[in-house]
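Understanding the architecture of this molecule
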Amino acid sequence: MGWVGGLALLGCAAPTTAIRQAPADIRGNAAVSGAAARPLVLGPIKLLHVNSDRRTEPKFSRVWSRDGARDCRNATPLAWDGETEVYIGKDELVCVTADRPSRISWHGRSVANEQPASQQASR
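What counts, and where the lines are drawn
Residues numbered from 1 in each chain as written. Predicted model: local features only at pLDDT ≥ 70, side-chain atom pairs only at ≥ 80, totals over all residues. Heavy atoms only, no water. Helix = DSSP H or I, 4+ residues; strand = E, 2+ residues; numbered from the N terminus. Buried < 20%, exposed > 50% of the residue type's maximum accessible area, 1.4 Å probe, protein only. Contact = heavy atoms within 4.5 Å. Areas by Shrake-Rupley, 256 points an atom, 1.4 Å probe, with all protein chains shown as cover. Pairing = 2+ DSSP bridges. Axes fitted to C-alpha atoms, helices over the stretch in contact; angles between N-to-C directions. Disulfide = S-S within 2.5 Å. Core = buried A, V, L, I, M, F, W, Y, C linked by side-chain atoms within 4.5 Å. Salt bridge = Lys/Arg side-chain N within 4 Å of Asp/Glu carboxyl O.

Moving on to the overall build of the chain. Across its full length, the chain carries one helix and eight strands. Scored against the burial criterion, the 123 residues of the chain give a buried share of 31%. Sequence separation of at least 24 residues holds for 82% of the intrachain contacts in the chain that already meet a minimum separation of 6. Put simply, the chain shows about 8800 Å² of open surface, and 51% of that area lies on carbon and sulfur atoms.

If you want it as structure tokens, here you go:
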């Protein structure tokens, strides 16, 4: 086999280490004025919490985003308190409204390779 074959065998026996990256934290904000819904964030993402400048309680909705369009006019209400984690699927757009002009900031985590337990893939 010779020294070349020995090196090849040695290479096969070398330990391998899988590196797993932690999901990235993502932050953003939106200015809301009037009753018109404004885009907040496009999934996939796990929203962790939302903060407002305490002038008003924000209300959230979600809509399917086709071809990257960010149109909140036909969004459906999202029953979310803004304080617990919520999974936003791929191509879902979260919109926000407020009764008064307000600045809304959000904190989320990327979920590019993650799937929530409640949405198991079918086999």
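Right, let's get into the sheet that holds strand β8 (residues 102–110). Overall, antiparallel pairing links the four strands, which are arranged β1-β8-β3-β6 in an open sheet. Single-partner strands in this sheet number two, and they are β1 (25–32) and β6 (86–88). Within the sheet, the average angular offset between the axes of one strand and its neighbour, ignoring direction, is 35 degrees. As defined by bridge partners, strand β3 (residues 45–52) adjoins β8 across seven bridges and the pair is classed as antiparallel. Following the sheet pairing, Asn51 is matched in β8 by Ser105.

This part covers the state of the cysteines. In the structure shown here, the tally under the stated rule is one disulfide. Each sulfur of the disulfide joining Cys72 and Cys95 lies 2.1 Å from the other. Because the sign of the S-S torsion sets the handedness, a value of about -85 degrees for the bond joining Cys72 and Cys95 places this disulfide among the left-handed ones. On the criterion of sequence distance, the pair formed by Cys72 in the loop between β4 (59–64) and β5 (76–77) and Cys95 in strand β7 (residues 92–97) is long-range, its members being 23 residues apart. Residue Cys72 is classed as buried on the basis of its relative accessible area of 8%. A residue is classified by how much of its surface remains accessible, and Cys95, at 0% relative accessible area, is buried.

Here the focus is the nonpolar core. Counting 17 residues, the largest nonpolar core has Leu40, Leu47, Phe60 and Val94 as the members making the most contacts within it. Counting residues per element, this core draws most heavily on β3, at three residues. When sequence neighbours within four positions are dropped, the list of residues in contact with Phe60 reads Leu40, Val50, Pro77, Leu78, Trp80, Gly82, Val94, Cys95 and Val96.

Strand order in the open sheet formed by four strands is β2-β7-β4-β5, and the pairing between neighbours is antiparallel. The sheet is open, and its two borders are formed by β2 (38–42) and β5, each paired with just one other strand. Pairing geometry for β4 and β5, over two bridges, is antiparallel. Each bridged residue has a counterpart across the sheet, and for Ser61 the counterpart in β5 is Pro77.

Pairing between side chains becomes possible if they bear opposite charge and their charged atoms approach one another. Scanning the entire structure with this criterion turns up five salt bridges. With its nearest N and O atoms 3.4 Å apart, the salt bridge here joins Asp99 to Lys59. Taken as a pair, Asp99 in the loop between β7 and β8 and Lys59 in strand β4 lie far apart in primary sequence, 40 residues in all. On the basis of relative accessible area, Lys59 is assigned to the partly exposed category, the value being 44%. Two residues, Glu92 and Arg62, come together in a salt bridge whose shortest N-O distance is 3.0 Å. Within this pair, whereas Glu92 is found in strand β7, its partner Arg62 is found in strand β4, the two being separated by 30 residues in sequence.

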